[in-house]
Amino acid sequence: MARSDQYVLSIDLGTSGCKVGLVSTTGDIAAWAFRPVPLLVVDRMGVEQDPDLWWEAFLSAAREVIGSNAVARDSIVAVCSSTQGEGTIAVDCDGGVLMNAVTWLDMRGARHLKGQMRGMLKVAGYDAFKLQKWIRLCGGAPALSGKDPAGHMLLIRNAFPEIYEKTYRFLNVLDFLNLRLTGRFCATQDSILTSWVTDNRDVNEIRYDDGLIAASGIDRAKFPELVRCTDVIGTLLAPVAEALGLPPETPVVAGAIDNSAAAIGAGTVADYDAHLYLGSSSWIAAHVPFKKTNVFSQIGSVPCPVRSKYLMMAMQSSGASNIAFLKDRIVFHDDGLIDTEPTADVYRVLDEIAARTPAGAGGMMYLPWLFGERCPVDDPALRAGIFNMSIEHNRETLVRAVFEGVALNTKWMVRPVNRFLGRKLEAMTIIGGGAMSNSWCQIFADALDVRIRQPHEPMKANARGAAFIGAAGLGLIRLEDAAQYVTIERVYEPDPAATRLYDERFGVFTELHRRLAPLYKRLNRAKDETDG
């Protein structure tokens, strides 16, 4: 039985940095800390992070929450992680990092992936026979944008052959964190997914497939051992335990990548109950009882921590990162032009500006494709833009347009999601940093024409999900019961008038994509060819 006096040291390592919480097995958060980690943009199309900075951020945040004495140390029963997915870290046999992590935003692997797609017959850019096998066994296929480990590993093999030769294992972000915690080289059934080398037809018995590994172009020995998300994979290494001030016998549960953990932390564990995650990236996910793939819309149902379930996933590249871009690159960009520093409550101010600016942003529209798109189109060439700006507009209308542009992009994804599920979504639970914005929650309700449920502390859903997975790994709760521990604080109902306005704007939005996509391709392919 779950107890409110037992806590999991819960790690949420995202793109923006590392969050650490002390979360009870009933979902209450006793202490919380965050440490930022920078992104490194290289060669225009590459986005990396330093894994050692991840680790330093974790240790610093963990020491803060444990040292707060918010709970007794002997009440911390496990450590469990949720991390950003689709990153790739090359490590040697001692666990040493051989190069920066290639993140889920990195598109340099696309050109190398094309070599693996050679064949007599192509469908949607894939070799038809390989695509058929990937979908039949995995439930998906490597991203043609190169944004997942399938492309990352080929990038390292071809562009950094000396690193490839030294690589003992390729690890996803979750796997790397678990290695640092326990010394064990392993991958979970969800962290391994986007290497596209596992047979997922029996979701309770995920295993490597020799044919898929051969198709990947990567040596079999470089893939780690497979474990379940709820497996206890070991205990804390002695130096880690000492650094944290915890007993070395503290168990470590394997955990899950962010979308899997978020679905549990949002309390959306029943079939077809959807959540909308609004962090640096954005996605819609729902547990389903079937394995299915729509390769054209980039939607699939994939392995997850809940036994005998799949998780329907539809992911977009840029969500709240558009608001961060607005803040850091437009409003408070450090170029010497203005002497203004961002305040701690800048996101609250942006939320207030969006709330007081009328729907429609005075006709201004924003396209939120900062770094390409994945769903419902897999197009790395797309870029963000402002459309229909006039002399009557100002910073307030720009803020509102950015909020609305992300919502319209999500509406673009909802249509194929509804077809995939075979039913219309009537409600979604919204989580992530963007879910802290009341005005954005209302904009999403209006634009998507669904009820938006805002839970208590929505930004901490991933950490709460990791805690539930950790508790399940120790046999303290059932994941299927997680919903009872999640409190919905507010429900936003769609306003029919605003919905009609956004329906009209959505037609313009999709037409802008149709007309501009060829131009983006000309501009950004030309850059790639020049750089490559």
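Figured I'd write up the structure that's included with this text. All figures in this text were calculated on a predicted structure; none of them were measured in a lab.

1. With respect to the overall build of the protein
Item 1. A count of helical and extended segments in the protein gives 15 helices and 27 strands.
Item 2. The C-alpha atoms of the protein give a radius of gyration of 22 Å, which matches the 24 Å a tight globule of 532 residues would have.
Item 3. In terms of overall dimensions, the protein has C-alpha extents of about 65 × 60 × 50 Å along its principal axes.
Item 4. Here the protein holds 532 residues, and the buried ones make up 60% of them.
Item 5. Within the protein, counting contacts between residues at least 6 apart in sequence, those at least 24 apart form 72% of the total.
Item 6. Looking at the protein as shown, the accessible area adds up to about 20,400 Å², and 52% of this sits on carbon and sulfur atoms.
Item 7. Computed over 56 positive and 62 negative side-chain charges, the inter-centroid distance for the protein is 6 Å.

2. Observations regarding the pattern of salt bridges
Pairing of side chains with opposite charge becomes possible as their charged atoms draw close.
Item 1. If you walk through the whole model with that rule in mind, you get 26 salt bridges.
Item 2. Put simply, Arg515 and Glu511 hold a salt bridge, and the shortest N to O gap is 2.8 Å. With Arg515 and Glu511 both in helix α15 (residues 496-531) and four residues apart, this pair spans about one turn of that helix.
Item 3. Here the residues in one salt-bridge network are Glu48, Asp106 and Arg108, joined through shared partners.

3. So, the nonpolar core
Item 1. Grouped together as the largest cluster of nonpolar side chains are 67 residues, with contacts concentrated most on Trp134, Phe223, Ile264 and Ile469.
Item 2. Counting residues per element, this core draws most heavily on helix α14 (residues 461-473), at seven residues.
Item 3. Not counting residues up to four positions away in its chain, the partners in contact with Ile469 are Cys80, Cys229, Thr230, Val253, Gly255, Ala256, Ala261, Ile264, Pro305 and Leu479.
Item 4. Core analysis: the second largest hydrophobic core is formed by 64 residues, Ile353, Tyr366, Phe420 and Leu425 among them.

4. Let's talk about the sheet that holds strand β8 (residues 101-102)
Item 1. With antiparallel pairing, three strands are arranged side by side in an open sheet as β4-β5-β8. The sheet is open, and its two borders are formed by β4 (40-42) and β8, each paired with just one other strand.
Item 2. Two strands pair when backbone bridges link them, and β4 and strand β5 (residues 46-49) are joined in this way by three bridges, in the antiparallel orientation. The residue of β5 that forms the bridge with Val42 is Gly46.

5. Some details on a positive patch on the surface
Item 1. A cluster of basic residues, Arg111, Lys114, Arg118, Lys122, Lys521 and Arg525, forms a positive patch on the protein surface.
Item 2. Going through the elements one at a time, α2 (110-116) and α15 are the ones with two or more residues in the positive patch.
Item 3. By secondary structure assignment, the location of Lys114 is in helix α2.
Item 4. For Lys114, a relative accessible area of 52% corresponds to the exposed category.

6. Brief notes about the packing of aromatic side chains
Item 1. Using the criterion set out here, one finds 16 aromatic pairs in the structure.
Item 2. For the pair Tyr277 and Trp283, a centre-to-centre distance of 4.1 Å together with 15° between the ring planes defines the contact as stacked. In this pair, the class of Tyr277 matches that of Trp283, namely buried.
Item 3. Where Trp440 meets Phe444, the ring centres are 5.8 Å apart and the plane angle is 40°; that geometry is what we call tilted. Residue Trp440 and its partner Phe444 are both found in helix α13 (residues 438-448); the two are separated by four residues, about one turn of the helix.
Item 4. Relative accessible area serves as the criterion here: at 2%, Trp440 is assigned to the buried category.
Item 5. For Phe444, a relative accessible area of 0% translates into the label buried.
Item 6. Clustering of aromatic rings is evident, with ring pairs tying together Trp369, Trp412, Phe506, Phe509 and Tyr520.
Item 7. Looking at Lys222, its charged tip hangs above the ring of Tyr164, at a distance of 4.7 Å from the centre.
Item 8. Just above the ring of Phe420 sits the side chain of Lys292; from NZ or CZ to the centre is 4.8 Å.

7. Considering the sheet that holds strand β18 (residues 274-278)
Item 1. Strands sit in the order β20-β21-β22-β19-β18-β25-β26-β27 across an open sheet of eight strands; the sheet is mixed. Every other strand in the sheet has two partners, leaving β20 (293-294) and β27 (488-492) as the edge strands with one partner each.
Item 2. Pairing analysis gives five bridges linking β18 to strand β19 (residues 282-288), with the strands arranged antiparallel. Bridge pairing in β19 links Leu276 to Ile284.

8. Details of the environment of Ile284
Item 1. Along the chain, Ile284 turns up in strand β19.
Item 2. Judged by relative accessible area, which is 0%, Ile284 ranks as buried.
Item 3. Linking Ile284 and Leu144, residues 140 residues apart in sequence, is a C-alpha distance of 21 Å.
Item 4. Among residues more than four places away in sequence, those in contact with Ile284 are Ala274, His275, Leu276, Met312, Met313, Ala314, Thr410, Met413, Val414, Val417, Leu425 and Met428.

9. A look at the state of the cysteines
Covalent bonding between the sulfur atoms of two cysteines defines a disulfide.
Item 1. Applying the stated criterion to the full structure yields zero disulfides.
Item 2. The thiol sulfur of Cys18 is not disulfide-bonded, and the nearest other cysteine sulfur, from Cys80, lies at 13 Å.
Item 3. Of the cysteine sulfurs around Cys304, a residue in no disulfide, the closest is that of Cys229, at 7.8 Å.
Item 4. The exposure class of Cys304 is buried, given its relative accessible area of 2%.

10. A few points about helix α11 (residues 346-356)
Item 1. Every buried residue belonging to α11 is among Val346, Leu350, Asp351, Ile353 and Ala354, and all of these are buried. In an axial view of α11, the angular spread of the buried residues amounts to 160°, which keeps them on one side of the axis. Opposite its buried face, α11 presents the exposed residues Ala355 and Arg356, each directed more than 90 degrees away.

11. A few points about the packing of helix α1 (residues 51-67) against helix α6 (residues 173-182)
Item 1. As a packed pair, α1 and α6 sit with axes 11 Å apart at the nearest point and diverge in direction by 60°. Here α6 runs oblique to α1, going by the angle between their axes. As α1 runs across α6, the sense of the crossing is right-handed. On α6, the residues touching Pro51, Asp52, Trp54, Trp55 and Phe58 of α1 are Val173, Phe176, Leu177, Arg180 and Leu181.
Item 2. Each residue belonging to the contact of α1 with α6 can be placed in one class, and the counts come to eight nonpolar, no polar and two charged.

What counts and how
- Residues numbered from 1 in each chain as written.
- Predicted model: local features only at pLDDT ≥ 70, side-chain atom pairs only at ≥ 80, totals over all residues.
- Heavy atoms only, no water.
- Helix = DSSP H or I, 4+ residues; strand = E, 2+ residues; numbered from the N terminus.
- Rg over C-alpha atoms; globule rule 2.2 N^0.38 Å.
- Buried < 20%, exposed > 50% of the residue type's maximum accessible area, 1.4 Å probe, protein only.
- Contact = heavy atoms within 4.5 Å.
- Areas by Shrake-Rupley, 256 points an atom, 1.4 Å probe, with all protein chains shown as cover.
- Lys, Arg positive; Asp, Glu negative; His and termini not counted.
- Charge placed at Lys NZ, Arg CZ, Asp CG, Glu CD.
- Salt bridge = Lys/Arg side-chain N within 4 Å of Asp/Glu carboxyl O.
- Core = buried A, V, L, I, M, F, W, Y, C linked by side-chain atoms within 4.5 Å.
- Pairing = 2+ DSSP bridges.
- Patch = residues over 30% accessible without salt bridge, like charges linked within 9 Å, V, L, I, M, F, W, Y side chains within 5 Å.
- Phe/Tyr/Trp six-rings, centres within 6.5 Å; stacked < 30°, edge-to-face > 60°.
- Lys NZ or Arg CZ within 6 Å of the ring centre and 35° of its normal.
- Disulfide = S-S within 2.5 Å.
- Arc of directions from axis to C-beta.
- Axes fitted to C-alpha atoms, helices over the stretch in contact; angles between N-to-C directions.
- Parallel < 35°, antiparallel > 145°, perpendicular 65-115°, else oblique.
- Left-handed = near helix turned anticlockwise from the far one by under 90°.
- Nonpolar A, V, L, I, M, F, W, Y, C, P; charged D, E, K, R; others polar.

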